[in-house]
Amino acid sequence: MRLRQIVLLLLLALAIGAFVALDLGRYLSFEHLKASQASFAQLHAEQPLMVAAVYFLIYVLATALSIPGAVIITLAGGAIFGLWQGLLIVSFASTIGATLAFLASRFVLRDWVEARFGQRLADINAGVNREGAFYLFSLRLIPVVPFFLINLLMGLTRMKAFTFYWVSQLGMLAGTAVYVNAGTQLAQLDSLQGILNPSILGSFVLLGIFPLVARRVLAALQKRKVYARWSDQRPKTFDRNLIVIGGGAGGLVSAYIAAAVKAKVTLIEAHKMGGDCLNYGCVPSKALIKSAKVAHQMRHAARYGLSDVVPTFSFKAVMQRVRDVIQAIEPHDSIERYTGLGVEVLQGYGRLVNPWTVEVALNDGTTGPDGTPQVVRLTARSIVIAAGARPLVLPLPGLDEVGYVTSDTLWDEFAKLDEVPQRLVVLGGGPIGCELAQSFARLGSQVTQVEMGPRIMVREDEEVSALAQAALQADGVAVLTGHKALRCEVVNGEKTLVVEHAGAERRIVFDQLLCAVGRVARLQGYGLEDLGIPTHRTVQTNEYLQTIYPNIYAAGDVAGPFQFTHTAAHQAWYAAVNALFGEWKLFKADYSVIPWATFIDPEVARVGLNEQEAKEKNIPYVVTKYGIDDLDRAIADSEAHGFVKVLTVPGKDKILGVTIVGAHAGDLLAEYVLAMKHGLGLNKILGTIHTYPTMSEANKYAAGEWKRGHAPQKLLAWVKKYHDWKRGA
């Protein structure tokens, strides 16, 4: 706490202390007010301006210091000045005093509160930014809510002072008028209870609830407005409870949940069930990574007391294994399985015709009278869009001439090759680019990875990026950061990528070019533009995953902000449940604990904040780090490299985020995901028995490092003295 804050806090404490010590509260009693009414009236008649100024100042000070007695002072305003003059003076004095209390709370306490409860307060501030003025106005309309408490608590948020002032001025006006008017009738009052009788209190409560009811009415009117152009097309009855467009992770889970609760649901998929993850992403890439890792271990068998050997293999066999793995998992996402679960699956292209109708052009070979694919129309009360994403392809001059593959197309294209690509250029330094660059290097390709940014895996901490780059380079990948791809050319019959670095051009010859610079949501082709649903990189949704049409939801990569299979499934639960039961209860999608992993070797896994994010968000943290090179199982497996890094709240064991680099990091992370989700700290992890010898002990030892760093040294000094005394020393 800064010196100015301490000084202000002391002054406030002294002022309140003086109020208590001098027993000034006796002047703020109902009895004293009634006894002094005649004196106040006479004084006001003699010196009206001075009395008004002194009264105004006293009211401001009492409110700013949160001193009890505002009711009595307000009554005095009515008794002395009458209704209209009293209302004018009290309204401005109370609002100015409340704003001073608001600012004092902000100046003295907010930094301290944010340091201790930064993440929680961030969520509150987000809500205040959206609807803070609305809820403040509602609270101000109910005088049974302690206004001084509202002043102090709002000061801890990021609400603008001007917003607080004008909302308070308007919101407190009704309550102020009641008390000032009561003050004009002071002679007829016997006690304060006579002011707020049950009927008056009930009226205030209704007044406070009114904005909430009005908000619901406005929402209903807005809903009616957005559907207005389609009102003549709304079906009287519906074919389905839910239609899902897209058969990837988000769509499959949405359909599964709907079928599980006995809703009638149709799932529409134009291509392959299972979406990107099964067919082009997670599954085939991990199968390739495993084959590449075995080849790597064979080359380095001496690490395990064996002889190094150069692996000999058929690249076609490696790619066939990838295909076999996909085929082994396909039944989990197959049409047959989901049909058995009660989901109607249609293979074709779905297009939104109106907010309740989807037109499906079937791709099963059936055609209509005009020879085009047969089209069926289905109606549903709710629709979930889960169309996924596709690889982003840079608009490089000459790219189409030299040819390229993406993370989607490489599996079919490379399966045609007899040998692994000899010279492979990978565009992109994100997780997909890193995983594939390392895998093909381990299988024998001469890999050059080109990244325009200053480092690969830029979302991770710098030390993680450096470690990842070192790992890729150790496997033979030429990692070129700070290199911008300019164009592609064919020179003397050879394919060439021209890049720029430090103002100079460089040419890279290649046989195959893999474009892995990211993925973009699929936003065209299924009617979003016809319905006017806003999109900006993703389908724009609210916190309930609703589009501008409350019955149309989006989930998965097409909705963002994450592009992970597990987050698509996570969002799908919210989308499906809200779509089916939203008229009773809507659930906000929870992104508070989202894990992810990059499956290079060593793996990189993370949940929550890392250091660079904590610094960007100005969130205080403490770092605890445990080196896996010290772990028994890692040493036994010749995997003794990497670390567990935990960020905690200063002075507490509450986990803000974890980054793990090492073998099986993605698996080790699960314990921290569970802990963060359920509010468990490092003390709980330390107190949990972990099997010996396993990699999971790294989590326990990281918690132990935190414990040692937070040992109560003063207490331990006294404990040492106790033991010395026990020995008679």
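Below you will find a few notes about this structure.

Reading guide: rules and limits
- Position numbers for residues count from 1 along each chain, tracking the sequence in the order it is written.
- Note on the predicted model: pLDDT of at least 70 is required for a residue's local features to be given, and 80 or more for side-chain atom pairs to be given and counted; whole-chain, interface and lining totals, by contrast, use all residues.
- Hydrogens are left out, water is left out, and the side-chain values use all remaining heavy atoms of the structure.
- Helix numbering and strand numbering both begin at the N terminus, where a helix is a DSSP run of H or I of at least 4 residues and a strand a DSSP run of E of at least 2.
- Three exposure classes are used, based on accessible area relative to the maximum for each residue type with a 1.4 Å probe and protein chains only: buried under 20%, partly exposed in between, and exposed over 50%.
- Contacts are assigned to residue pairs with any non-hydrogen atoms lying within 4.5 Å of each other.
- In this analysis, strands are considered paired if DSSP registers two or more bridges between them.
- Axis definition: a line fit to C-alpha positions, over the contact stretch in the case of helices; interaxial angles, taken between N-to-C directions, run 0 to 180 degrees.
- Whether a crossover is right-handed depends on one test, that the path from the first strand over the helix to the second runs clockwise when the strands point away from the viewer.
- Distance and chemistry together define a polar contact, namely a pair of N or O atoms within 3.5 Å, with one atom able to donate a hydrogen and the other to accept it when in protein, and with adjacent residues in sequence counting only for side-chain atoms on both sides.
- Given the number of residues in a helix, its expected span is that number minus one, multiplied by 1.5 Å.
- Each pair of aromatic rings taken from Phe, Tyr and Trp, with Trp reduced to its six-membered ring, is defined by centres within 6.5 Å and is described as stacked if the planes are under 30 degrees apart, edge-to-face if over 60, and tilted in the remaining cases.
- Nine residue types can take part in a nonpolar core, namely buried Ala, Val, Leu, Ile, Met, Phe, Trp, Tyr and Cys, and a core is a set of them joined through side-chain atoms within 4.5 Å.
- Throughout this description, the term salt bridge denotes a Lys or Arg side-chain nitrogen within 4 Å of a carboxyl oxygen of Asp or Glu.

1. Observations regarding the overall build of the chain
Right, so step 1: Along the backbone of the chain there are 26 helices and 23 strands.
Right, so step 2: Relative to its full complement of 729 residues, the chain shows a buried share of 45%.
Right, so step 3: The contacts of the chain with a sequence gap of at least 6 include a subset with a gap of at least 24, amounting to 66%.

2. Regarding unusual backbone geometry
Right, so step 1: Cis rather than trans, the peptide bond between G560 and P561 has omega equal to 0°.
Right, so step 2: Following the sequence through the fold, P561 ends up in the loop between β18 (552–554) and α20 (565–581).
Right, so step 3: With an omega of -10°, the peptide bond between Y692 and P693 qualifies as cis.
Right, so step 4: Among the structural elements, P693 can be located in the loop between α24 (682–686) and α25 (697–709).
Right, so step 5: The backbone phi angle of L545 is positive, close to 70°, even though this residue is not glycine.
Right, so step 6: Mapped onto the secondary structure, L545 falls in the loop between β17 (538–539) and β18.

3. Thoughts on the sheet that holds strand β13 (residues 504–510)
Right, so step 1: If you walk across this open sheet you meet the three strands as β11-β12-β13, and the pairing is antiparallel. Unpaired on one side and paired on the other, β11 (484–491) and β13 mark the two borders of the sheet. Averaged over neighbouring strand pairs, the angle between their axes works out to 30° when direction is ignored.
Right, so step 2: Where β11 lies against strand β12 (residues 494–501), seven bridges are found, and the strand directions are antiparallel. Bridged to C488 within β12 is L497.

4. Comments concerning the pairing of strand β1 (residues 240–245)
Right, so step 1: With five of six residues buried, β1 is to be regarded as a mostly interior element.
Right, so step 2: Where β1 meets strand β2 (residues 265–269), four bridges bridge the pair, whose relative direction is parallel. Paired with I245 across the strands is I268, a residue of β2.
Right, so step 3: Once you follow β1 into helix α10 (residues 249–260) and on to β2, the crossover reads as right-handed.

5. Details of the side chain of D461
Right, so step 1: When you line up the elements, D461 lands in the loop between β9 (446–451) and α18 (462–474).
Right, so step 2: Judged by relative accessible area, which is 5%, D461 ranks as buried.
Right, so step 3: Side chain to side chain, D461 and K645 meet in a polar contact 2.7 Å long.

6. Considering helix α3 (residues 48–64)
Right, so step 1: Between its first and last C-alpha atoms α3 spans 24 Å; for 17 residues at 1.5 Å apiece the expected length is 24 Å, and the two agree.
Right, so step 2: Those residues of α3 that sit buried are V51, A52, Y55, Y59, V60, A62, T63 and A64.
Right, so step 3: In the stretch just after α3, S66 is the one whose phi turns positive, near 60°.

7. Points about the packing of aromatic side chains
For any pair of aromatic rings, the description rests on two quantities: the centre-to-centre distance and the angle between the ring planes.
Right, so step 1: Scanning all chains against the criterion turns up 15 aromatic pairs.
Right, so step 2: When the ring of F562 is compared with that of W596, the centres are 6.4 Å apart and the planes differ by 40°; the resulting orientation is tilted. Here F562, found in the loop between β18 and α20, pairs with W596, found in strand β19 (residues 595–598); they are 34 residues apart in sequence, far enough to count as distant.
Right, so step 3: Relative accessible area serves as the criterion here: at 16%, F562 is assigned to the buried category.
Right, so step 4: Taking relative accessible area as the criterion, W596 reaches 10% and is therefore assigned buried.

8. Here's the deal with the nonpolar core
Right, so step 1: Residues L288 and F440 are the most contacted members of the largest nonpolar core, which totals 39 residues.
Right, so step 2: Those elements that place two or more of their residues in this core are α12 (282–299), α13 (315–329), α16 (410–414), β8 (423–427), α17 (431–442) and α18.
Right, so step 3: Y227, V360, I385 and A554 belong to the second largest nonpolar core, which has 30 residues in total.

9. Some points on the pattern of salt bridges
Right, so step 1: Taken as a whole and assessed by the stated rule, the structure comprises 32 salt bridges.
Right, so step 2: A salt bridge links D511 to R423, with the shortest nitrogen-to-oxygen separation between them at 2.9 Å. Of this pair, D511 sits in the loop between β13 and β14 (512–515) while R423 sits in strand β8, and the two are 88 residues apart along the sequence.
Right, so step 3: The partly exposed category is assigned to R423, whose relative accessible area is 26%.
Right, so step 4: Its salt-bridge partner being E611, residue K645 comes within 3.0 Å of it at the nearest N-O pair. Note that K645 is positioned in strand β22 (residues 643–648) and E611 in helix α21 (residues 611–616), a separation of 34 residues in sequence.
Right, so step 5: What makes E611 buried here is its relative accessible area of 18%.
Right, so step 6: Shared partners join several salt bridges into a network, and the residues in it are D461, E463, E611, K625 and K645.

10. Here we look at the sheet that holds β8
Right, so step 1: Strand order in the open sheet formed by five strands is β7-β14-β8-β9-β10, and the pairing between neighbours is parallel. Taken across any chain shown, the strands that pair with only one partner, and hence form the sheet edges, are β7 (405–406) and β10 (478–481).
Right, so step 2: Bridge count for β7 against β14 is two bridges, and the pairing is parallel. From the neighbouring strand, T406 faces β14, where its bridge partner is C515.
Right, so step 3: Contacts from α17 reach β8, β9 and β14, with the element oriented near 165° to β9.

11. A look at the environment of R351
Right, so step 1: Its location among the elements puts R351 in strand β3 (residues 344–354).
Right, so step 2: Accessibility expressed as a relative area gives 29% for R351, which makes it partly exposed.
Right, so step 3: A sequence separation of 83 residues divides R351 from I268, and the C-alpha atoms of the two residues are 9.9 Å apart.
Right, so step 4: In terms of polar contacts, R351 uses its side chain to reach the side chain of D530, at 2.4 Å.

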